[in-house]
Amino acid sequence: MKLSARELLAVRAAHAGPGPERWREDFPILNQVVHGQPLVYLDNAATTQKPKSVIDREVRYYENLNANVHRGIHDLSQRATEAYEIAREKVRRFVNAASTSEIVFVRGATEAINLVAQSYGRSRLQAGDEILVTEMEHHSNIVPWQLLCGQTGATLRVAPIDEAGDLRVDVFEKLLTARTKLVAVAHVSNALGTINPLRRLIDLAHAAGAPVLIDGAQAAAHVPVDVQDLDCDFYAVSGHKLYGPTGIGVLYGKATLLDAMPPYQGGGEMISRVTFAETSYNAIPFKFEAGTPNIAGAIGLGAAIDYVSAIGLPTIAAHERALLDDATRRARLFPGLRLIGTARDKAAILSFTLDGVHPHEIGTILDHEGVAIRTGHHCAMPVMDHFGVPATARASFALYNTREDVDALFGALAKVREVFRP
Ligand code: 7TS
């Protein structure tokens, strides 16, 4: 007897043991049928799904607590402020920052990077200075620097990657000179999965006198982050890739740097005193939080951090590593499949092409099998250029994915092969 997709989901839920099957049940959206198949969500690098505890926390906030923060003397406003600041403390602990004054709530990794470019970069860089990035960066960690170069006359330098998708650390080191005024590097590449050797890169940059921004958009949900241990100067996080809401993210910055930086945006909350003659600014982190912030988002992010911390990032990382190893082994045996990104140290991402099939066709057929992946250039066009492909298909894993999801991925890829025979 063949079970329907709904029956299959019910059986799965009833037999969920401890671990990934149980965690999966925490995510209501996963319990649905797409094109007649149980949803297999493998687009986690674009955004992760949200556990019920995060969704409930946001609903409870709006039902019980909603008020503007840091300005009302009334009870609701004080409670909203307290909840918002508790969320900041949760973030601080999660990345092991020394102080909550180093945790700035922003819209996402993109805004965090733009803040550093426009505040730190614009006030410090000038013609002749250099900004060093890598060839594997997401456009969010390229374009803000290009804008800054246009504004200041600084030059963007690029450290290349090799055929596996590893950074050429030897060339990175050579590109670091007295002219280098800022280094910006992804912790984990979204197109390749490469985990960069941050400790070494940061040490090299500091030895050359350059501060380092880490784009942690793809890392925070997959590998433990300790900003003090890394000794990075800035670290950018997207809440929505960390099981939290969209529209909330974090910029970590060393207090000494944030203190000395000019505001990024002007408005309410970021000031200490305003007259038409002169305005003095609030202390960090508030100096960088002009206007009413995404209060519900920050509180939701706090709940996401609670959720992830209860399972533990080392446990999540080991689970995702096992899925990636299984998927990589099967990918290597799959006819006509080319893996894009085979770095020594990788996280949760399987990027590939299939001979004779455009990635969009792969994505469409997989979607009909209920398997959601992303196809395209993944906002990392220089990576596509490096490998000589216009696009890749990308499956990206999260804590709720299971071996069955990997089976479904390769089952659906076999259907693609049936349609497009080599
Ligand atoms: N940096 C990296 C490495 C990313 O992967 C992304 C988003 C960003 C920055 C921007 O994050 P945001 O939350 O501010 O948008 N990456 C992807 C992706 O791979 N597919 O969709 C978005």
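Details of the structure are given in the entry above.
Residues numbered from 1 in each chain as written. Predicted model: local features only at pLDDT ≥ 70, side-chain atom pairs only at ≥ 80, totals over all residues. Heavy atoms only, no water.

Trainee: Describe the packing of helix α13 (residues 359-368) against helix α15 (residues 403-419), naming the residues involved and giving the relevant values.
Mentor: Remark: α13 packs on α15, axes separated minimally by 9 Å, with the N-to-C direction vectors making an angle of 120°. Relative to α15, the element α13 lies oblique. Our pair here, α13 against α15, has a crossing hand that is right-handed. Seen from α13, the contacting residues are Ile 362, Ile 365 and Leu 366; seen from α15, they are Leu 409, Ala 412, Leu 413, Lys 415, Val 416 and Val 419. (Axes fitted to C-alpha atoms, helices over the stretch in contact; angles between N-to-C directions. Helix = DSSP H or I, 4+ residues; strand = E, 2+ residues; numbered from the N terminus. Parallel < 35°, antiparallel > 145°, perpendicular 65-115°, else oblique. Left-handed = near helix turned anticlockwise from the far one by under 90°. Contact = heavy atoms within 4.5 Å.)

Trainee: With reference to specific residues and values, describe the sheet that holds strand β17 (residues 392-396).
Mentor: Pairing is antiparallel across the open sheet formed by 4 strands, whose spatial order is β13-β14-β17-β16. Edge positions in the open sheet fall to β13 (337-339) and β16 (374-376), since each of these has one partner strand only. For this sheet, the mean inter-axis angle between neighbouring strands, taken without regard to orientation, is 30°. With 4 bridges joining them, strand β14 (residues 349-354) and β17 adopt antiparallel strand pairing. Counted as the bridge partner of Ile 349 is Ser 396 from β17. Relative to the sheet, helix α12 (residues 313-333) contacts β13 and β14, its axis offset from that of β14 by approximately 15°. α15 rests against β13, β14 and β17 of the sheet, and its axis sits at about 10° to β14. (Pairing = 2+ DSSP bridges.)

Trainee: Explain the pairing of strand β10 (residues 249-253) to me, using residue names and the numbers behind them.
Mentor: In terms of burial, β10 is largely enclosed, as 5 of its 5 residues are buried. Neither face of β10 is exposed, since Gly 249, Leu 251 and Gly 253 on one face and Val 250 and Tyr 252 on the opposite face are all buried. Where strand β4 (residues 103-106) lies against β10, 4 bridges are found, and the strand directions are antiparallel. Considered in β10, the bridge of Phe 105 is made with Val 250. One ladder, built from 5 bridges, connects strand β9 (residues 234-238) with β10; its direction is antiparallel. (Buried < 20%, exposed > 50% of the residue type's maximum accessible area, 1.4 Å probe, protein only.)

Trainee: Outline the nonpolar core, listing residues and values.
Mentor: Membership of the largest hydrophobic core comes to 110 residues, with the highest contact counts inside it found for Phe 172, Tyr 235, Leu 350, Ile 362, Leu 409 and Leu 413. The element that contributes the greatest number of residues to this core is helix α11 (residues 295-311), accounting for 11 residues. When residues of this core are assigned to domains, at least three fall in each of domain 1 (5-51 + 312-419) and domain 2 (55-310). Setting aside residues no more than four positions away along its own chain, Ile 362 makes contact with Phe 352, Leu 354, Val 357, Ile 373, Ala 393, Leu 413 and Val 416. (Core = buried A, V, L, I, M, F, W, Y, C linked by side-chain atoms within 4.5 Å. Domains from an automatic or database assignment.)

Trainee: How would you explain the packing of aromatic side chains if you had to name every residue and give the values?
Mentor: For the structure shown, the criterion picks out 8 aromatic pairs. Ring centres of Phe 27 and Tyr 307 lie 5.6 Å apart, and the angle between their planes is 90°; on these two criteria the pair is classed as edge-to-face. You can see Phe 27 sitting in the loop between α2 (20-24) and β1 (33-34) and its partner Tyr 307 sitting in helix α11, a full 280 residues away along the chain. Pair check on accessibility: Phe 27 and Tyr 307 agree, each one buried. In this structure an aromatic cluster arises from ring pairing among Phe 27, Tyr 243, Tyr 307 and Tyr 400. (Phe/Tyr/Trp six-rings, centres within 6.5 Å; stacked < 30°, edge-to-face > 60°.)

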